Amino acid sequence: MEYRWRVMWVVALGTFMAPLDASVVNIALLSIIKDFKASLATGEWVILIYLLFISTLLLTYGRLGDLYGKKLVYVTGFVVFTVGSLLCGLSPTLGFLIGARVIQSLGAGMMMAMAPAIVTEVFPPQERGKALGINGMMVAAALAFGPSAGGFLTHFFGWRSVFFINLPIGLIGSILAFKIIKNDFTREKHSFDFLGAFLSFLGLGSLLILLTFFEKYGFTHPLMIGALVISILAFLLFLYTEKKVSEPMVDLGLFKNRDFSFSNLSAFLSYVALYQVVFLMPIYLQQLRHFTPEKAGMVMSVHPLLTMIVAPLSGSLSDKIGSKVLAPLGMTVMASGLFALSRLNSETTVGIIILSLMLIGLGSAIFQSPNNSTIMGSVPKNRLGTASGFLATMRNVGMVMGVAVAGAVFTGRRTYYLTYYLQNHYTKELATIKAFVLAFREAFLVGAFIALLSAAASLVRSRGRKEKLLQK
């Protein structure tokens, strides 16, 4: 097997593990809470802390990859993730488990930040889309199989097994990554922008806390006001710092490139739209339609399964024709899927639900690989880590923003409609159903609009038929 394909598959292994762990733990959470006799509010930090630390440090990992070698960061990530998984499985208390999840997230973030950069470096531009499509396929596979794998492991072997299963995979992956990936560290002297790293961590962390908890506390709560102020100040100071230092964390000059800046914006908006589906559809299926968790999980696996199949094909096609057509087409298809979901009600057939979700998966698959290829192909070789880390940050922040937007629109409008129908003498049961359907409709219409904004952003590209090739 050629070198680049051996690298592809060892990177794919890490790409599969990080999102898989997030999804399997979601399923195991109730068992964890029951075992430790903890509250749901406390137990949720097992999930939240993982997402927060991954999202806030991706930019830092990207820069470290550019300075000290992508192989070093990636292999370190594999090892740290495996050690964190062992500690999670051995956790004697919930507090210990939350701390171990921080360690696990540090490793997962390193792998997530480096994967696209390593793939882009070893594949020629004419195969970049195909390779990144396979990388996207592994993420989709993790999202598709994670819930069922988590349910199976938790049911038969207990919740600790969802962490212990990572140990043999992590050990094998660490060894293979160390042996296969060539060393790309150069001994040139560099200075790391510690202040920039701290400010980006502070700004992103405050923003994510704001997005995660504003629905619970409201914008007038001191915690939310404080998070907003800290986030704004941190980002302003970050921009000021990056203009002054000789070796910044993020080279702001990259944003002068339309391919880089607008493709990242498009990626961010695409995940905001996509995670409306991830958040709202399980609520619709289980609360309004009374599906069992198993049946709801099977229905929800439709769109990542389709993404898994189509993403490599879309990536290969983008290698031939570029992303100018494919990226906006994909987001337009996703917008149509979101519009179709907005028409669901309490009597919609399962077939219609599945077809609507298939549009979501198809649109996502058509969009992601070409768009990611454009981003990674628009930067010089010595900025691949930064570009990869920034893309991963856009993905994670977009996911959190998507849940926040969907939750705010759905909850707010459902409360409004429920009050309206009860005041107009509808029965509580009928008022509840109508309020749910109308709020659900409006939330997905907002999602469809965001998807169209993503399509519009993806049109602001280089005028050529194919994007610029990676600078050597």
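Keep in mind that this is a model prediction, so the values were computed, not measured. (Residues numbered from 1 in each chain as written. Predicted model: local features only at pLDDT ≥ 70, side-chain atom pairs only at ≥ 80, totals over all residues. Heavy atoms only, no water.)

**Some words on the packing of helix 3 (residues 45-68) against helix 16 (residues 384-423)**
Taken N-terminus to C-terminus, the directions of helix 3 and helix 16 make an angle of 170 degrees; their axes are 6 Å apart at the nearest point. Comparing the axis directions of helix 3 and helix 16 gives the class roughly antiparallel. Contacts from Leu51, Ile54, Ser55, Leu58, Leu59, Gly62, Arg63 and Asp66 in helix 3 reach Leu384, Gly385, Thr386, Gly389, Phe390, Ala392, Thr393, Asn396 and Val400 in helix 16. (Axes fitted to C-alpha atoms, helices over the stretch in contact; angles between N-to-C directions. Helix = DSSP H or I, 4+ residues; strand = E, 2+ residues; numbered from the N terminus. Parallel < 35°, antiparallel > 145°, perpendicular 65-115°, else oblique. Contact = heavy atoms within 4.5 Å.)

**Describing the side chain of serine 364**
Secondary-structure assignment places serine 364 in helix 15 (residues 350-376). The buried category is assigned to serine 364, whose relative accessible area is 3%. Ignoring any residue separated from it by four or fewer positions in sequence, one finds serine 364 in contact with Leu274, Thr307 and Met334. (Buried < 20%, exposed > 50% of the residue type's maximum accessible area, 1.4 Å probe, protein only.)

**Remarks on a nonpolar patch on the surface**
A surface patch of nonpolar side chains, amounting to about 600 Å² of accessible area, comprises Ile225, Leu228, Val229, Ile232, Leu233, Leu236 and Leu239. On the secondary structure map, isoleucine 225 appears in helix 10 (residues 222-244). (Patch = residues over 30% accessible without salt bridge, like charges linked within 9 Å, V, L, I, M, F, W, Y side chains within 5 Å. Areas by Shrake-Rupley, 256 points an atom, 1.4 Å probe, with all protein chains shown as cover. Salt bridge = Lys/Arg side-chain N within 4 Å of Asp/Glu carboxyl O.)

**A closer look at the environment of leucine 338**
Examined against the element boundaries, leucine 338 turns out to sit in helix 14 (residues 326-342). Once the C-alpha coordinates of leucine 338 and alanine 451 are considered, the two residues, 113 residues apart in sequence, prove to be 8.4 Å apart. When near neighbours in sequence (up to four residues on either side) are disregarded, leucine 338 contacts Ala273, Val277, Ile360, Phe444, Gly447, Ala448 and Ala451.

**Let's talk about the confidence of the model for the protein**
Of the residues in the protein, 96% have a pLDDT of 70 or more, and the chain-wide mean is 86. The low-confidence segment residues 463-472 (pLDDT under 50) makes 33 contacts with residues lying over four places distant or belonging to another chain. (pLDDT = per-residue confidence, 0-100.)

**Overview of the nonpolar core**
By size, the foremost hydrophobic cluster in this structure holds 116 residues, and its most contacted members are Val11, Tyr74, Met281, Tyr284, Leu285, Leu338 and Phe440. The dominant element in this core, judged by the number of residues it contributes, is helix 11 (residues 258-288), at 15 residues. One finds Val25, Ile98, Val162 and Phe163 within the second-largest nonpolar core, a separate group that totals 21 residues. (Core = buried A, V, L, I, M, F, W, Y, C linked by side-chain atoms within 4.5 Å.)

**Some points on the pattern of salt bridges**
Charged atoms that come close allow side chains of opposite charge to pair. Enumeration over the complete set of coordinates arrives at six salt bridges. A salt bridge links arginine 4 to glutamate 2, with the nearest nitrogen and oxygen atoms 2.3 Å apart. Taking the relative accessible area as the measure of exposure, glutamate 2 reaches 47% and is therefore partly exposed. The closest approach of N and O atoms between glutamate 247 and arginine 63, which form a salt bridge, is 3.6 Å.

**Considering the environment of lysine 216**
As for its position among the elements, lysine 216 is in helix 9 (residues 194-217). When the C-alpha atoms of lysine 216 and alanine 408 are compared, they prove to be 9.8 Å apart, with 192 residues separating the residues in sequence.

**Thoughts on helix 14**
In a regular helix each residue adds 1.5 Å, so 17 residues correspond to 24 Å; helix 14 covers 24 Å between its end C-alpha atoms and thus fits that length. Burial within helix 14 is extensive, with twelve of its 17 residues counted as buried. Considered for burial, the residues of helix 14 that qualify are Leu326, Ala327, Pro328, Gly330, Met331, Val333, Met334, Ala335, Gly337, Leu338, Leu341 and Ser342. (Expected span 1.5 Å × (residues − 1).)

**Focus on the packing of helix 16 against helix 17 (residues 428-459)**
The geometry of helix 16 relative to helix 17 is characterised by a closest axis approach of 8 Å and an angle of 145 degrees between their N-to-C directions. Crossing of helix 16 against helix 17: the hand is right-handed. Of the residues in the contact of helix 16 with helix 17, the class split is 17 nonpolar, one polar and five charged. (Left-handed = near helix turned anticlockwise from the far one by under 90°. Nonpolar A, V, L, I, M, F, W, Y, C, P; charged D, E, K, R; others polar.)

**Notes on unusual backbone geometry**
Positioned with a positive phi, lysine 37 is a non-glycine residue whose angle comes to about 55 degrees. Exposure remark for lysine 37: the relative accessible area of 75% places this residue in the exposed category. Even without a glycine there, the phi angle at histidine 290 is positive, about 60 degrees. Topologically, histidine 290 is positioned in the loop between helix 11 and helix 12 (293-300).

**With respect to the packing of aromatic side chains**
Per the stated rule, a full pass over the model turns up 20 aromatic pairs. Between phenylalanine 213 and tyrosine 217 the ring centres are 6.2 Å apart and the planes differ by 50 degrees, which places this aromatic pair in the tilted class. Pair noted here: phenylalanine 213 and tyrosine 217 are both in helix 9, with a separation of four residues, about one helical turn. Owing to a relative accessible area of 34%, tyrosine 217 belongs among the partly exposed residues under this scheme. Their ring planes at 70 degrees and their centres at 5.2 Å tell us that phenylalanine 255 and phenylalanine 390 sit as a pair that is edge-to-face. (Phe/Tyr/Trp six-rings, centres within 6.5 Å; stacked < 30°, edge-to-face > 60°.)

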